[in-house]
Amino acid sequence: SQLHFSIARADDKQSLLASLLGQEFDIVLMDYRLPGFTAMDAWAELSKLSATPPCVIVSGAIGEAAAVAAIQSGITDYLHKDNLNELARVILRALKLHQSEKERQRTADALQESELRISELARHLQSSLEQERAAISREIHDEIGGALAAMKLDVAWMKRHSESPEILERV
């Protein structure tokens, strides 16, 4: 199939855990029944990793219901041992699906970050508008207050300096 790979083999749960902690894997292939544990036990450990690799069960000892349950739990794919000639195709598909999921997650994260920035910008814009409105209100208040004070002084001056009863009545 022209696939180039290196392999790490784990024959028991302890060696699996040691391998998982010691290095990153592009893909994990495993039998359903392993010495002292099952593929589901291994998946429980794999899914704890920050970067969970795709996982394919290659087994002849699993029924359809168990395979479906494994895939529903997050395992990428299942291949029956009688179809090992399909292994390269299954691996490539699993890697492609995994890459697509990582890209989808990166896109979702970027979208969430963008939405957060837009929200912050909207809050800043609203705050700026409120500050500008308050400044305009203060300016209008000060101008009208000043004009009214000047008019009051003019009216008081007219009252003091006028002797005409009509003007005084009007004042």
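Residues numbered from 1 in each chain as written. Predicted model: local features only at pLDDT ≥ 70, side-chain atom pairs only at ≥ 80, totals over all residues. Heavy atoms only, no water.

(A) Quick peek at the nonpolar core. Formed by 17 residues in total, the largest nonpolar core has its most connected members in Met-30, Leu-46, Cys-55, Ile-57 and Ile-75. Elements with a contribution of two residues or more to this core: α1 (13–22), β1 (28–30), α2 (39–46), β4 (55–59) and α3 (64–72). Top contributing element to this core by residue count: α2, with four residues. If you look at the next biggest cluster of nonpolar residues, it comprises seven residues, including Val-56, Val-58, Ile-91 and Ala-94. (Core = buried A, V, L, I, M, F, W, Y, C linked by side-chain atoms within 4.5 Å. Buried < 20%, exposed > 50% of the residue type's maximum accessible area, 1.4 Å probe, protein only. Helix = DSSP H or I, 4+ residues; strand = E, 2+ residues; numbered from the N terminus.)

(B) Local environment of the sheet that holds β1. The sheet built from three strands is open, its strands ordered β1-β4-β5 with parallel pairing. Here the strands that pair on one side only, and so sit at the sheet edges, are β1 and β5 (77–80). Here the strands of the sheet are splayed against their neighbours by 20° on average, with no regard to which way each runs. Where β1 and β4 come together, three bridges link them in parallel fashion. Its bridge partner lying in β4, Met-30 is registered against Ile-57. In this fold α2 packs onto β1 and β4, with an angle of close to 160° to the strand it touches most, β1. In the packing of helix α4 (residues 87–161) onto the sheet, the strands contacted are β1, β4 and β5, and the crossing angle to β5 comes to about 180°. (Pairing = 2+ DSSP bridges. Axes fitted to C-alpha atoms, helices over the stretch in contact; angles between N-to-C directions. Contact = heavy atoms within 4.5 Å.)

In short, shape yes, function no, at least from these values alone.
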